[in-house]
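These are the residues of each chain, in order.
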Amino acid sequence: MSNTNVSVKPLFETFHSDKIQLKNRTVMAPMTRGFSPGGIPGEDVAAYYRRRAEGDVGLIITEGVGINHPSSVSGDSIPLFHGDALDGWAKVVKEVHEAGGKIAPQLWHVGMTRKPGELPNKEAAPIGPSGLTLDGAQVSEPLTVEEIEGLVQSYAQAAADAKRIGFDAIELHGAHGYLIDQFFYEHTNKRTDRYGGDLVGRTQFAVEVIEACRKAVGPDFPIIFRFSQWKMNDYQAKLAATSEELNQFLQPLSDAGVDIFHCSTRRFWEPEFEGSEMNLAGWTKKLTGKPAISVGSVGLDGTFTSFQAANTTSLDGLIEKLDQDEFDLIAIGRSLLQDPEWVKKVEEGRVNDLLPFDKDALTKLY
């Protein structure tokens, strides 16, 4: 890694909002690990997250966890967030807190990205606003209004459980072409009722989820909302082609009760719109006045498209954006997957000890 030429001090300033305080500006990005047999996280998962807390990560956001719905996840080792799994998550929280960290679960439903017949519930059909996959294939029937209302309550129950077992916040996964994002996306949402229509109309499901979660956790518990322009099948996809459209999209979500926006991009340094150097998180903060988390290939020289090996690289560009207050927090993915002490090493100036990303990190819990 080339030596960082600017002070990393902006990365290690405390973060204060009206609902959460963090010791620094670093966030562990949510990354699916699939090491929870039967959907229940065990001691190895708790130890994995504890190591990041011991490594001075400001806020840990867990891998996506399935809300209480039969088709919420696709795989028998992806963690759930209901029933017996909650005891496992309570132990994760205990370990992270003992190590001085803070943690939020990422509440998730994969929607139409699940394939028919996948575990854990083979008989459960994939669901989505119009029953369409990201590629436009009709796989199942559109959700009924009653089914949508049930899903809203499943998110709310997960939020209430997160608060009850001691988490410090929740994150709603509204990105990357999963269920909430399938409502946002015109190619997967062809509805003509209140859950469809124009860009603002297509935010209605997310608005109801946010409002129900807010009601479940009360006024003082932080709600983080993750969104993206890109989809898993199309890295060039855009919900909002201009800053004006982005403002139309964000305002209903902000008004519904989002405290912090997590703006998922593949490269944090890329401008979102022509005529400005600001990235998606910068625009989101400017338009909503809410704190924003940026993310995307931090500390590495290759994007995560295929999770291939990547070398470490300078943090100067990141530090400059933080110092300019473009966004408030930065989420780190593969660098933290590989190296639990990444944050501590950066803070202590041990940049030559940072580890390059090796795809073997995907096969074990370091």
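Refer to the structure above for everything that follows.
Just so you know, these numbers come straight off a predicted model, no measurement behind them.

About the cut-offs
Residues numbered from 1 in each chain as written. Predicted model: local features only at pLDDT ≥ 70, side-chain atom pairs only at ≥ 80, totals over all residues. Heavy atoms only, no water. Pairing = 2+ DSSP bridges. Helix = DSSP H or I, 4+ residues; strand = E, 2+ residues; numbered from the N terminus. Axes fitted to C-alpha atoms, helices over the stretch in contact; angles between N-to-C directions. Contact = heavy atoms within 4.5 Å. Parallel < 35°, antiparallel > 145°, perpendicular 65-115°, else oblique. Left-handed = near helix turned anticlockwise from the far one by under 90°. Nonpolar A, V, L, I, M, F, W, Y, C, P; charged D, E, K, R; others polar. Buried < 20%, exposed > 50% of the residue type's maximum accessible area, 1.4 Å probe, protein only.

Asks: Any chance you could break down the sheet that holds strand E9 (residues 292-295) for me, citing the residues and the numbers?
Replies: One closed barrel accounts for eight strands, arranged E3-E4-E5-E6-E7-E8-E9-E10; its pairing is parallel. Each adjacent strand pair in this sheet contributes to an overall mean axis angle of 25°, direction not counted. Across the face of the sheet, helix H7 (residues 280-288) comes into contact with strand E7 (223-231), strand E8 (260-264) and E9 while running at roughly 150° to E8.

Asks: For the packing of helix H1 (residues 43-54) against helix H2 (residues 85-98), give the residues involved together with the corresponding values.
Replies: Two elements in contact, H1 and H2, have axes whose closest approach is 8 Å; the angle formed by their N-to-C orientations is 25°. In terms of orientation, H1 lies roughly parallel with respect to H2. With respect to the hand of their crossing, H1 and H2 are arranged in right-handed fashion. In contact with Val-45, Ala-46, Tyr-49, Arg-50 and Ala-53 of H1, H2 contributes Trp-89, Lys-91, Val-92, Glu-95, Val-96 and Glu-98. For the contact of H1 with H2, the residue count by class is seven nonpolar, no polar and four charged.

Asks: Run through the side chain of Ser-154, naming residues and quoting values.
Replies: With respect to the helices and strands, Ser-154 occurs in helix H3 (residues 145-164). Overall, the relative accessible area of 12% leaves Ser-154 in the buried class. Not counting the four nearest positions on each side in its chain, Ser-154 is found in contact with Ile-67 and Asn-68.

Asks: Outline unusual backbone geometry, listing residues and values.
Replies: Here the bond from Leu-119 into Pro-120 is cis, since omega is 10°, no more than 30 degrees from zero. Structurally, the position occupied by Pro-120 is in the loop between strand E5 (103-108) and H3. In this structure, Asp-56 takes a positive phi of about 75° despite not being glycine. On the secondary structure map, Asp-56 appears in the loop between H1 and strand E4 (59-66).

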